[in-house]
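# Structural description and commentary
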Amino acid sequence: MKARRTLLAPALAACVLGCDATSPNVDYTTPLVQAVVSAPAGAPVFVPTDTLEISVTGSDETALASIGYDLGYPAGLRDSVSVADTGAQHTFRIAIRGEWEGIPITVTAFAHDAFGNTRTLVLRSIEVVNAVRRPMVGVLLPAQPYDVAYDAARGRLYVSIPDSNRLAVIDLVSRSLAPPILLWGRPWGLDLAPSGDSLVVALRRGFSLALVNLLTGSVDTLALNMTGGLGEGPARVCVMKNRKVLYITAFDGFGYGNDIRKFDLQTRADSVVFAGFGIDQYGFMARDQRREYCIVLDNLSASFYSATSNSFGPVLETTGEHFPSVGADSSLHWLVGNTLYDRDLNLIVNLHPPGYEYGPTAFSPDGRTAFLATYRSYIRIPVPRAVGPRILVPFTPQRLWYLADRDVVVATTYDSVSTEWRAWLIGP
């Protein structure tokens, strides 16, 4: 679209200033310009069906000539409107194009006055993602989240926030924060107890577990046999149907050598299952929907716990990916990274849709849908197919969860510009 710029002739400029064309009074002051880019969901990320709105406001002490915008490469668009006053506001609307994907586009607003003075304002760049947009709400979190537990009975998400020693509580009806659960000791992993009335939370720096009663709000501290060397403490947790809490420890520094441990909620006995297992603090674990089996991943392999036998099986090889996320359905299928296995880690299918490189994944309880995180989006795959729609997320997901009864995907993200963490609730 060509720019429409109108310059005032000398005689007209003199008329505006109230003097003749040969007057020595000349305006050397640049005009003022302000602009706002309106983006869906409050993030400067668009899909090809979106419309970009840029509201530009300009003013000049004598005579404003035009206001407009520039979109940099690969859009290469520029437009303006003429002004015959000292101030004006205009909203430009631009249809987003799919061929703009992949490169941040610089957005600039400008204002010209009648004497040729120009003021430009560089705004935050926008990006185009070749995805589809679903209804979504972003809930601002107080700091970086670590883990999420879903309470279907109460319609709530509990999000552990280690830096603020609390569990953020998201009400899924109002899609907003409810009063938090205040804890201590940097809460990390968490899981609902089998009854659904309590929450087990790993207190990384408290060297203990917290048992939060969701009916009364009371908190019971469950002491663990931590030696204190290298500051080791509980990280991720899974609560099984036999009321055993399986958890991974983490320690200060880097490297391998964490323990897999077991805590009995009835006897309060704490014991080591595997000492110095080949996992670090990013090791993943998951349980099936019936709480019968739990899988614990190390760097390149895994081991299973059976609640029936109260024991672990042999260590088995997995995908060869370093520290992939893991999820389970209700029929003992495991999604390790983007690879689907049966209960015994026999390969079923590798899901590698176009655009997926490596990132967090989630798995539906019925085993029919996998969710694979990609750049500013996730891909919803109908298993065992390898092709599905790419759904927009305003920022690249750090973790993914799927709430099957609500058909809602939860994605936690970080905005490096605003330094804000959010939990996005994304509809079907």
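Residues numbered from 1 in each chain as written. Predicted model: local features only at pLDDT ≥ 70, side-chain atom pairs only at ≥ 80, totals over all residues. Heavy atoms only, no water.

Before going further, it helps to spend a moment on the overall build of the protein. A tally of regular secondary structure across the protein gives one helix and 35 strands. For the protein, with 428 residues in total, the buried portion stands at 52%. Considering only residue pairs separated by 6 or more positions, the protein has 49% of its internal contacts joining residues 24 or more positions apart. When the accessible area of the protein is evaluated, it comes to approximately 18500 Å², of which 53% is carbon and sulfur surface. (Helix = DSSP H or I, 4+ residues; strand = E, 2+ residues; numbered from the N terminus. Buried < 20%, exposed > 50% of the residue type's maximum accessible area, 1.4 Å probe, protein only. Contact = heavy atoms within 4.5 Å. Areas by Shrake-Rupley, 256 points an atom, 1.4 Å probe, with all protein chains shown as cover.)

Going from Tyr 73 to Pro 74, the amide bond is cis rather than trans, its omega being 5°. Within the fold, Pro 74 resides in the loop between β3 (51-71) and β4 (77-95). For the peptide bond that leads from Val 383 to Pro 384, omega is 5°, which places it in the cis range. Its identity is not glycine, yet Arg 175 carries a phi of approximately 55°, on the positive side. Secondary-structure assignment places Arg 175 in the loop between β10 (166-171) and β11 (176-182). For Phe 207, which is not a glycine, the phi torsion comes out positive at approximately 50°. Assignment of secondary structure puts Phe 207 in the loop between β13 (198-203) and β14 (208-213).

Under the defined criterion, the tally for this structure stands at seven aromatic pairs. Centroid distance Tyr 414 to Trp 421: 4.7 Å. Interplanar angle 40°. Geometry classified as tilted. Members of the aromatic cluster, joined through ring pairs, are Phe 371, Tyr 378 and Tyr 402. Directly above the aromatic system of Phe 110 lies the positively charged group of Arg 78, at a separation of 4.3 Å from the ring centroid. Sitting over the ring of Trp 188, Arg 204 keeps its end group 5.4 Å from the ring centre. (Phe/Tyr/Trp six-rings, centres within 6.5 Å; stacked < 30°, edge-to-face > 60°. Lys NZ or Arg CZ within 6 Å of the ring centre and 35° of its normal.)

Take the confidence of the model for the protein next. Averaged over every residue, the pLDDT of the protein is 87; the share at 70 or more is 89%. Note that pLDDT drops below 50 for residues 1-24; the model gives that stretch 31 contacts with residues more than four away or on any other chain. (pLDDT = per-residue confidence, 0-100.)

To continue, consider the sheet that holds strand β8 (residues 148-151). Sheet strands pair by backbone hydrogen bonding; their relative direction is either parallel or antiparallel. Strand order in the open sheet formed by four strands is β8-β9-β10-β11, and the pairing between neighbours is antiparallel. Two strands bound the open sheet, and with one partner strand each, they are β8 and β11. Direction aside, neighbouring strands of the sheet carry axes that sit 25° apart on average. Relative to β11, β10 runs antiparallel, the two being bridged by five bridges. Bridge pairing in β11 links Ile 170 to Leu 177. (Pairing = 2+ DSSP bridges. Axes fitted to C-alpha atoms, helices over the stretch in contact; angles between N-to-C directions.)

Quick look at the side chain of Lys 262 now. Secondary-structure assignment places Lys 262 in strand β18 (residues 258-264). Summary of buried charges: Lys 262 has no salt-bridge partner, and the nearest side chain of opposite charge, Asp 264, is 7.5 Å away. Among the polar contacts listed, one links the side chain of Lys 262 to the side chain of Asn 310, at a separation of 3.1 Å. In this structure, Lys 262 is in contact with Lys 244, Val 245, Leu 246, Tyr 247, Ala 269, Asp 270, Ser 271, Val 273, Tyr 305 and Asn 310, ignoring residues within four places of it in sequence. (Lys, Arg positive; Asp, Glu negative; His and termini not counted. Salt bridge = Lys/Arg side-chain N within 4 Å of Asp/Glu carboxyl O. Polar contact = N/O pair within 3.5 Å; in protein donor to acceptor, adjacent residues only side chain to side chain.)

Quick look at the sheet that holds strand β32 (residues 390-392) now. Within the open sheet, the four strands sit side by side as β29-β30-β31-β32. Their pairing is antiparallel. At either end of the open sheet lies a strand with only one pairing partner, and these are β29 (361-363) and β32. The mean angle between the axes of side-by-side strands here comes to 25°, regardless of whether they run parallel or antiparallel. Pairing of β29 with strand β30 (residues 369-374), which is carried by three bridges, proceeds in the antiparallel orientation. Bridge pairing in β30 links Thr 361 to Leu 372.

To continue, consider the side chain of Asp 151. Inspection of the secondary structure assignment puts Asp 151 in strand β8. Residue classification places Asp 151 among the buried positions, given a relative accessible area of 2%. Once residues within four sequence positions are removed from consideration, Asp 151 is found in contact with Arg 156, Tyr 158, Leu 192 and Leu 214.

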